[in-house]
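Structure assessment
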Amino acid sequence: MNSIINEILANKKFTDTRIGTDSLREFSNGNTLPLLGTPHGLNYFAVQTDGRNSWFFNPNEKEFQGFRLTHQPSPWMEDFSYMTILPFSKDLDTEYQKVYYDTDKSIFRPIVNKIIYDSGDEAIITADEEAAIINFKADSEVSFKITGPGIDFRKEDGKILGQVINYSGCEDEDFTMYVEIRLDCDFELENIEGYFYIKTKAKEANLKLATSFISKDQATYNYEKACDEISDMLASAANKWQEYLDIFDIELTRKPSQYDQYEVYDRESQVSMFYHCVYRSFLFPTKFYEIDRDGSEVHYNTLAKEVRDGKLYTNIGFWDGQKTLFPLLSLVATKDYEDILEGVYNSYQETGFLPKWLSPDERGLMPGTLVDSVIADAITKDIGSDLADDLLKAMIDSSEKESDDPHYGRYGAYEFRENGYISSDKHESVNQTLDNCLSDFSIGVAAKKLGYDDLAEKYLAYSHNWTNLFDPETKFLVEKDKDGKFKENFDPYDWGSPYTEGGAYQNSYNMYHDFDKLIELFGSKEAFKNRLDELANADSNFNIGHYDCVIHEMLEVETAHFGQVGISNQPSFHLPYLYHFVGRPDLSQYLVKNLLLNYFRYDFKGYPGDEDNGSMSAWYILSALGIYPVCPGTNAYMLGIGLFDKVSVKLANGNTLKILVEENYHHKKFVDTIKIDGKVIEERRISHDDFINAKEIVYRLNIIGK
């Protein structure tokens, strides 16, 4: 086993999972967890250092409270079906003493944690899709302590059977995770005031567990089909991750020179950050279905409280992932994309509405129903074509009705259809209006692709309704009351409703599908460019506005000193690329390269804000490759500026694309020329089909833009 661990440590693609975990409620450097498991796994495990709240791991804290089986997609969502297993030895009475570990020598990788106790004891864990094995060695008799709310275990026929009932939100109050545990040595199980102790006489023990959301018998089946040896399970998990990590191969081709004395950036760390982002991009959404003994895909429907056939996924906010994560999947992992779409459609069939934020079921968070962007991007790229018509019908149905339960469907759908905007008496009215328009655009382009021209015309017309909130005096999107009057005493630095996690600067330019119309309303490209200049050069100030306190996104914008371009959050992801629409891609190149170089780093404070289910990681990957999908469903990417000397990308269609950057120095922040398959191109835009069929893209950089 140690040889496998050493191979993993030697492979730079297997990232340190603690990147971005040094975060607090008050300030996010990623708000990530050091998750261990397999891509899109049913379960993950993470070291717990403080179980009092959902920020339960910090890389600087030395207390080790155990390995936490977790399904937490974000600390803001909190956890469900979780429990913590702490290995300890007889020499340590955990009722009165704490366990501490060596934060420097311990190992955190996507498929293995090796925790070295200050006492010298060692705990190793690896996990596959539905199972995990913990190996614990000590100088005295070893035990395991299981903690968590809503847990219950019993010993039966030499194994431990149990269940976990806890969640931060769920339609089923009795939503249950079934657990089966076995050890490779004799043991006793004791329940002491709700804590379960597994006690042995051995100095080394292997604890294997498996879970299921289906049934006790399914947990047993998941246990039986999982590897029994920790080295075998480690190898199985490594193979699953390698498939995704090997999509990308990065070469640093520049030879050492005297210039190195001026090189202030560690290129190897940039490569490591890229692969960390690859790891993050394939964690979520997680599977919420299992394979039963008959080989059928089954999942638990929390609304009907029964087992149903088919795929289902959870732990994903489509508001977050639609802009970057799913466009990345459309390039390199279309099978995953198709599986997720099947899960989306099953969710629609079971609830009557397309999902918005799942964890484990609908939480109803964030504006709009931007899963529509995910569906449209797939349909227009011929991904998941078997479900295309059904998904289009689901989009239309979800857009034309409201639910009595505010968790489901579009907020203010009827008012939006009647008035063409959401009025200011409703929460986040500007963003709700914008996101409804984007969803209507998604319906329109999907309908056009499928040959429904009348439907396409109808919904594409709806997609321009955001113009009802364009204030010609301030040239911001401003809230309106039911009588059509703009807000008085408008201040673009005010945060919160009518905007989402930002102010007017961050949220007035989210009509990704309609920038030509926005520029028309500004009066000229030059006028819009002036606004972009203002946005980038503005003071990084904020007013609390509708919030009753300072939230972490405010501090992240203020601390970044990057104007009002709040790259820490999804509404700003596309802002650096908007100079393309005014004929100044050089200014986008300058902004993007500065963000790549200075705002992402391979350490515990790795991200400039919440990473959010792979969305910020996918932004980094796409931008580092030199492309960005400003609007899902348009089948187009802006050509930006590549970060690495040479990247080979295995695309989902079987093609391998090489992306090269010549004169690749940190002070060269502008693109001189771009060649695609040997031909110089002037347009800084490429279609999806042209990109996935290209063999080579070469960026040559300059010091001065043009």
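Refer to the structure presented above.
Because the structure is predicted, anything quoted here is derived from the model rather than measured.

**A closer look at the state of the cysteines**
For the structure on display, the rule yields zero disulfides. Cys 631 forms no disulfide, and the closest cysteine sulfur to it belongs to Cys 437, at a distance of 12 Å. You can call Cys 631 buried: its relative accessible area is 4%.

**Thoughts on the side chain of Glu 611**
By the element assignment, Glu 611 lies in the loop between helix 17 (585-598) and helix 18 (615-625). Side-chain polar atoms of Glu 611 contact the backbone nitrogen of Gly 614, separated by 2.9 Å. Other than its neighbours up to four places away in sequence, Glu 611 contacts Gly 30, Thr 32, Arg 280, Gln 570, Met 616 and Ser 617.

**Points about the layout of surface pockets**
By volume, the largest pocket is sized at about 790 Å³. For the lining of the largest pocket, the secondary-structure elements that each account for two or more residues are helix 5 (318-321) and helix 16 (552-560). A per-element tally of the lining of the largest pocket places helix 16 first, with three residues. The residue inventory of the lining of the largest pocket, partitioned by class, reads 14 nonpolar, twelve polar and 14 charged.

**Looking at the environment of Lys 675**
Within the secondary structure layout, Lys 675 lies in strand 27 (residues 670-676). On the basis of relative accessible area, Lys 675 is assigned to the partly exposed category, the value being 38%. Expressed as a C-alpha distance, the spacing of Lys 675 and Val 698, which sit 23 residues apart in the sequence, is 5.0 Å.

**Topic: helix 7 (residues 334-351)**
Helix length check: helix 7, at 18 residues, gives a terminal C-alpha distance of 26 Å against a target of 26 Å (1.5 Å per residue), a fit within 8%. Within the sequence span of helix 7, burial applies to Asp 336, Tyr 337, Asp 339, Ile 340, Leu 341, Gly 343, Val 344, Tyr 345, Asn 346, Ser 347, Tyr 348 and Glu 350. With its phi angle positive at about 85°, Gly 352 sits one or two positions after the end of helix 7.

Reading the values: the criteria
Residues numbered from 1 in each chain as written. Predicted model: local features only at pLDDT ≥ 70, side-chain atom pairs only at ≥ 80, totals over all residues. Heavy atoms only, no water. Disulfide = S-S within 2.5 Å. Buried < 20%, exposed > 50% of the residue type's maximum accessible area, 1.4 Å probe, protein only. Helix = DSSP H or I, 4+ residues; strand = E, 2+ residues; numbered from the N terminus. Polar contact = N/O pair within 3.5 Å; in protein donor to acceptor, adjacent residues only side chain to side chain. Contact = heavy atoms within 4.5 Å. 1 Å grid on protein atoms, 1.4 Å probe; cavity = no way out; pocket = protein on both sides within 12 Å on 5 of 7 lines; lining within 4 Å. Points joined across faces, edges and corners; volume = space filled by probe spheres on them. Nonpolar A, V, L, I, M, F, W, Y, C, P; charged D, E, K, R; others polar. Expected span 1.5 Å × (residues − 1).

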